[in-house]
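Structural overview
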Amino acid sequence: MSIEIRQLQKHFGAFTALHGIDMAIEDGELIALLGPSGCGKTTLLRLIAGLETPDAGSIHLHGHDVTRLDARHRGVGFVFQHYALFRQMTVFENIAFGLRVRPPSSRPAEAALRAQVERFLDLVQLGALAQRYPDQLSGGQRQRVALARALIIEPKVLLLDEPFGALDAQVRRRLRRWLRHLHDELHVTTVLVTHDQDEALDVADRIVLIHQGQIEQVGSPQQLQDHPKNLFVSRFLGEINHLPARLCDGQLLLGNARWLAPEGSLLADGAVAVGVRPYDWQCGDQPGPDRLPATVTDARWLGGRYRVELDPDIVGGSPITAEWLPAQLPNHEPVSGDRLHLKPNRLALFAQG
Ligand code: ATP
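Residues numbered from 1 in each chain as written. Predicted model: local features only at pLDDT ≥ 70, side-chain atom pairs only at ≥ 80, totals over all residues. Heavy atoms only, no water.

Digging into the nonpolar core
Membership of the largest hydrophobic core comes to 37 residues, with the highest contact counts inside it found for Ile-95, Val-117, Leu-121 and Leu-147. Elements with a minimum of two residues in this core: helix H2 (91-100), helix H3 (110-123), helix H4 (139-151), strand E7 (157-161) and helix H5 (169-186). At 6 residues, the largest contribution of residues to this core is made by H4. Dropping the residues within four chain positions of it, Ile-95 is found in contact with Val-117, Phe-120, Leu-121, Val-145, Ala-148, Arg-149 and Ile-152. Ranked by size, the runner-up nonpolar core spans 28 residues in total, among them Leu-243, Cys-283, Leu-329 and Leu-347. (Core = buried A, V, L, I, M, F, W, Y, C linked by side-chain atoms within 4.5 Å. Buried < 20%, exposed > 50% of the residue type's maximum accessible area, 1.4 Å probe, protein only. Helix = DSSP H or I, 4+ residues; strand = E, 2+ residues; numbered from the N terminus. Contact = heavy atoms within 4.5 Å.)

Structural notes on the pairing of strand E19 (residues 339-344)
Relative to E19, strand E15 (residues 281-284) runs antiparallel, the two being bridged by 4 bridges. Note that in E19 the partner of Gly-284 across the bridge is His-341. Sheet topology note: the strand E16 (residues 292-301)/E19 ladder contains 4 bridges and is antiparallel. Bridge pairing links Ala-294 to Leu-340 in E19. (Pairing = 2+ DSSP bridges.)

Thoughts on the packing of H3 against H5
One can describe the packing of H3 onto H5 by two numbers: an axis separation of 11 Å at closest approach and a directional angle of 140 degrees. As judged from the angle between their axes, H3 and H5 are oblique. On the side of H3, the interface is formed by Arg-119, Phe-120 and Leu-123, while H5 contributes Trp-178, Leu-182, Glu-185 and Leu-186. Per-class residue counts for the contact of H3 with H5 are 5 nonpolar, no polar and 2 charged. (Axes fitted to C-alpha atoms, helices over the stretch in contact; angles between N-to-C directions. Parallel < 35°, antiparallel > 145°, perpendicular 65-115°, else oblique. Nonpolar A, V, L, I, M, F, W, Y, C, P; charged D, E, K, R; others polar.)

Here we look at the sheet that holds strand E17 (residues 306-312)
Taken in spatial order, the 5 strands line up as E15-E19-E16-E17-E18 in an open sheet, and their pairing is antiparallel. Each having just a single partner strand, E15 and strand E18 (320-324) make up the two edges of the open sheet. Adjacent strand axes in the sheet meet at a mean angle of 45 degrees, parallel and antiparallel pairs treated alike. Pairing geometry for E16 and E17, over 7 bridges, is antiparallel. By the bridge assignment, Val-296 is partnered in E17 with Leu-310.

A short note on the packing of aromatic side chains
For the structure on display, the rule yields 5 aromatic pairs. Ring centres 5.5 Å apart and planes at 35 degrees place the aromatic pair Phe-78 and Phe-80 in the tilted group. What makes Phe-78 buried here is its relative accessible area of 19%. Assessed through its relative accessible area of 23%, Phe-80 is described here as partly exposed. A centroid spacing of 4.6 Å and a plane angle of 50 degrees characterise the contact between Phe-86 and Phe-97, whose relative ring orientation is tilted. Linking Phe-86 in the loop between strand E6 (76-80) and H2 with Phe-97 in helix H2, this pair joins segments that are 11 residues apart in sequence. Over the aromatic face of Trp-178 sits the side chain of Arg-144, whose NZ or CZ is 6.0 Å from the ring centroid. Above the face of the Phe-86 ring, Arg-149 is positioned so that its terminal group lies 4.6 Å from the ring centre. (Phe/Tyr/Trp six-rings, centres within 6.5 Å; stacked < 30°, edge-to-face > 60°. Lys NZ or Arg CZ within 6 Å of the ring centre and 35° of its normal.)

Shown next as structure tokens:
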């Protein structure tokens, strides 16, 4: 186990930022701490780093209790959203910094140090820019320098707080793929804080979804997307339609439609919410007992697929959004006023809330 957190609590005055967090991260995992603004992601990361002290609970890194250990002795590297590089130093010297400030007994000789910096320059693909200064770099290049600077001290754990948050969407996407490759190459345990679900889904082995200082769910991106534990998780992990239904003897009743409830549901009979992702609707032009009739109110061609808004025949039901490839549609392109008959390929079931 690389990081083990037990019953961690943090208060700021009367406000509780973290309510007893338990979490275990394996060696070499890339974990994303995901959640809405103010949920406690950064606080948790800062506690792991040793930049904050918890009010209760403990933090173990590689089996050692580091709860009271100073940040400098935890063997962690961090990169923040606005990680100020040393402006008066070249890229090369910025990266070399962590080695130069080591005590003489563990500091490498100059030739070895230079070789090590060259290796990390290559790793972050900045070899050609070694003699530039930070203000001669793009935002993405600066963050790569910050990563190399954090990694050169060979941390056991790498902590990243929205490292690409200040960059534009395209650079962000490129850098996060690159980060994933770097992580795989170096095999360092990485904890990434992000509020961007696409980023978390794209790079993480597992996502820890936090809400109001508590963990809502931990799992692989697919587990969280396909088996969200509650309405909050299902909403946070991408667009989803929530429909009111009644659960009765293993069947779900929505208007006149009846669908089979997923097996293993622990919910009692009565009012429930059904969640269906826009891409999980089957579309037909014929009614049937398992078909929910709905009227198209808007249809747009998004290049490659249609995005369709529909009004279902359910009292009190809110509009439904569906996305279909042309081949998934009966006969013709959808237009406002069409009557379609829907059935979910997959659904999630929640207590109504
Ligand atoms: P964001 O995505 O907006 O950065 P976050 O999930 O990282 O949010 P935190 O920075 O961990 O959130 O903050 C969690 C809560 O604790 C917030 O309500 C914040 O206002 C509060 N908080 C954080 N640091 C302090 C502090 N030093 N003093 C008082 N309250 C704080």
